[in-house]
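# Report on the structure
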There are 2 protein chains.
Amino acid sequence: MNPHVRPVALEHASRLVNHGPTVLVTSAHGGRRNVMAAAWSMPVEFTPPRIAVVIDKHTFTRELVVASGAFGICIPGAALADLSYAVGSESGRVTDKFDRHGIVATPGRALGVPLIESGCIAWLECRLIREPHAEDAYDTCFAEVVAAAADERIFANGHWSFRDDNTALHTIHHLGAGKFARADAVVQAQRLKA
Amino acid sequence: MNPHVRPVALEHASRLVNHGPTVLVTSAHGGRRNVMAAAWSMPVEFTPPRIAVVIDKHTFTRELVVASGAFGICIPGAALADLSYAVGSESGRVTDKFDRHGIVATPGRALGVPLIESGCIAWLECRLIREPHAEDAYDTCFAEVVAAAADERIFANGHWSFRDDNTALHTIHHLGAGKFARADAVVQAQRLKA
């Protein structure tokens, strides 16, 4: 049990994915479960917190998400780059990826979706909002975030804190072919004089 | 004229936004033009290249995009953090933001959308795909990318190249309240043994 996990207020949930990290989408239904990597997600609304994530209609994840009406978003820290790439490159339809890679997940309190603790730094439990046309035409799944949490060593009081002493917890951003950029070198923009 | 601008093959266009950079959305119609910052965008399809971007229905940009059926995506480098924050914090309905901030833009060859050269590192010309329900319910605008280009010092042969000697050209990722993380510290994921 990671003693650093803290709830995140729902009005701050969008900030967890605002900067475009690669995420792990988890799902479960009827005794089956899965995890896939997704580079394509974004918030779409602050309040109520809503997000969109692209889940290809041919994936096992899509099947589980539609059947259960829910999914988890687990945000991997930089230490989890290898695993993120692995679960983004294989299907979980035949072999359970949790078992294959020794991933421990516990059911979220709000929706029971599998939440991966080790190596992840933030978690969202999401209730699918059925939008058959967007799902079909763009593989885009809309959802409402009903619970959020984060590791306080990297996200606290509604803000990310990417520092030199916690780089293993920084978010990763997929560039393609298993190459990730790490969120780093934070700058505060200055007000321009008009 | 930036001598480093090169066309990007459409099958590689999604990679320009795959890692979640904050972008500038440009638009023009009937002699008016605008630019806004958007943290909420993502690819939704490789081929044909399609993206989704959240453009609030109350913005002037939304009005211009719907009227013209097109918009530009200009990706700012780290050197443009202050300007990105500025154009994300003000409306262009009354005052032209290009004039206010001395932003030079030239019409894109494919769709004529304003493209900001100075400080930007990649450009997409996008044709709006009308989806009234998604636009209304989620402020989500879908579009097809019909042309793409990038600064070859940071994106070449279909790949980003974030290095220590080109940090001013690295993408920025909005954390909130004018604070941006820079894409940095690229790691190549290793194949896990199952």
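The structure reproduced in this document is the subject of the present report. All of these numbers come straight from a predicted model, not from anything done at the bench.

What follows deals with the overall build of chain A. Along the backbone of chain A there are 4 helices and 14 strands. Scaling as 2.2 N^0.38, a compact globule of 194 residues should have a C-alpha radius of gyration of about 16 Å, and chain A matches this with 16 Å. By its C-alpha atoms, chain A is 55 × 35 × 35 Å across when sized along the principal axes. By the burial criterion, 55% of the 194 residues in chain A qualify as buried. In chain A, of all internal contacts separated by at least 6 residues, the share reaching a separation of at least 24 is 64%. For chain A, the accessible area works out to roughly 7900 Å², and carbon and sulfur atoms hold 52% of it.

Residues and elements named next belong to chain A. The pairing of strand 2 (residues 23–29) with strand 3 (residues 32–38) spans 7 bridges and is classified as antiparallel. Residue pairing for strand 3: Ser-27 is matched across the bridge by Asn-34. Counting the residues that bridge the hairpin from strand 2 to strand 3 gives 2 residues, and of these Gly-30 lies at a positive phi of roughly 55 degrees.

The next subject is unusual backbone geometry. Of the consecutive residues Thr-47 of chain A and Pro-48 of chain A, the connecting peptide bond is found in the cis state with omega at -5 degrees. Within the secondary structure layout, Pro-48 of chain A lies in the loop between strand 4 (41–45) and strand 5 (50–54). Look at Ala-177 of chain A: it is not a glycine, yet its phi comes out positive at around 55 degrees. With respect to the element layout, Ala-177 of chain A can be found in the loop between strand 13 (172–176) and strand 14 (179–188). Phi angles above zero are rare outside glycine, and Ala-185 of chain B is one such case at about 45 degrees. Turning to its location among the elements, Ala-185 of chain B is positioned in strand 14 (residues 179–188).

Below, the discussion takes up helix 1 (residues 60–68) of chain A. Residue and element names in this part refer to chain A. Along helix 1, the positions that sit buried rather than exposed are Phe-60, Thr-61, Arg-62, Leu-64 and Val-65. Where the residues of helix 1 are buried, they touch strand 2, strand 3, strand 6 (70–76), strand 9 (120–129), helix 4 (132–138) and strand 10 (140–151). Looking one or two residues past helix 1, Gly-69 carries a phi angle of roughly 75 degrees, positive in sign.

Before going further, it helps to spend a moment on the packing of aromatic side chains. All told, the structure shown has 8 aromatic pairs over all chains when counted by the stated rule. Look at Tyr-138 of chain A and Phe-142 of chain B: their rings are 3.9 Å apart centre to centre, the planes differ by 10 degrees, and that puts the pair in the stacked class. With one member in each of two chains, Tyr-138 of chain A in helix 4 and Phe-142 of chain B in strand 10 (residues 140–151) form a pair that bridges those chains. When sorted by exposure, Tyr-138 of chain A lands in the same class as Phe-142 of chain B, which is buried.

To continue, consider the relation of the copies chain B and chain A. You can overlay chain B on chain A at an RMSD of 0.0 Å; the transform is a turn of 180 degrees with a shift of 0.0 Å along its axis. Given the turn and translation reported, the copies of this chain are related as if by a two-fold rotation axis. Relative to the rotation axis, the C-alpha of Gly-20 of chain B is the closest in chain B, positioned 1.8 Å from it. In this assembly, 100% of the residues forming the interface of chain B have copies in chain A that are likewise at the interface, indicating an isologous arrangement.

The next point concerns the interface of chain B and chain A. Counting residues at the interface gives 54 residues for chain B and 55 residues for chain A. For the chain B and chain A pair, buried surface summed over both sides reaches about 4800 Å², with 61% attributable to carbon and sulfur atoms. Summed over the three residues of chain B that lose the most area to chain A, namely Trp-40, Tyr-138 and Leu-175 of chain B, the buried surface amounts to 17% of that side. Where chain B meets chain A, there are 0 salt bridges. Counting only elements with at least two residues in the side of chain B that touches chain A, the list comes to strand 4 (41–45), strand 5 (50–54), helix 2 (81–87), helix 3 (97–101), helix 4 (132–138), strand 10, strand 13 (172–176) and strand 14 of chain B. Ranked by residue count, the leading element in the side of chain B that touches chain A is strand 14 of chain B, at 10 residues.

Criteria and thresholds
Residues numbered from 1 in each chain as written. Chains lettered and ligands numbered in written order. Predicted model: local features only at pLDDT ≥ 70, side-chain atom pairs only at ≥ 80, totals over all residues. Heavy atoms only, no water. Helix = DSSP H or I, 4+ residues; strand = E, 2+ residues; numbered from the N terminus. Rg over C-alpha atoms; globule rule 2.2 N^0.38 Å. Buried < 20%, exposed > 50% of the residue type's maximum accessible area, 1.4 Å probe, protein only. Contact = heavy atoms within 4.5 Å. Areas by Shrake-Rupley, 256 points an atom, 1.4 Å probe, with all protein chains shown as cover. Pairing = 2+ DSSP bridges. Phe/Tyr/Trp six-rings, centres within 6.5 Å; stacked < 30°, edge-to-face > 60°. Least-squares fit on C-alpha atoms with pLDDT ≥ 70 in both. Buried area = accessible area lost by both parts, 1.4 Å probe. Salt bridge = Lys/Arg side-chain N within 4 Å of Asp/Glu carboxyl O.

This is a description of form; function is not addressed.
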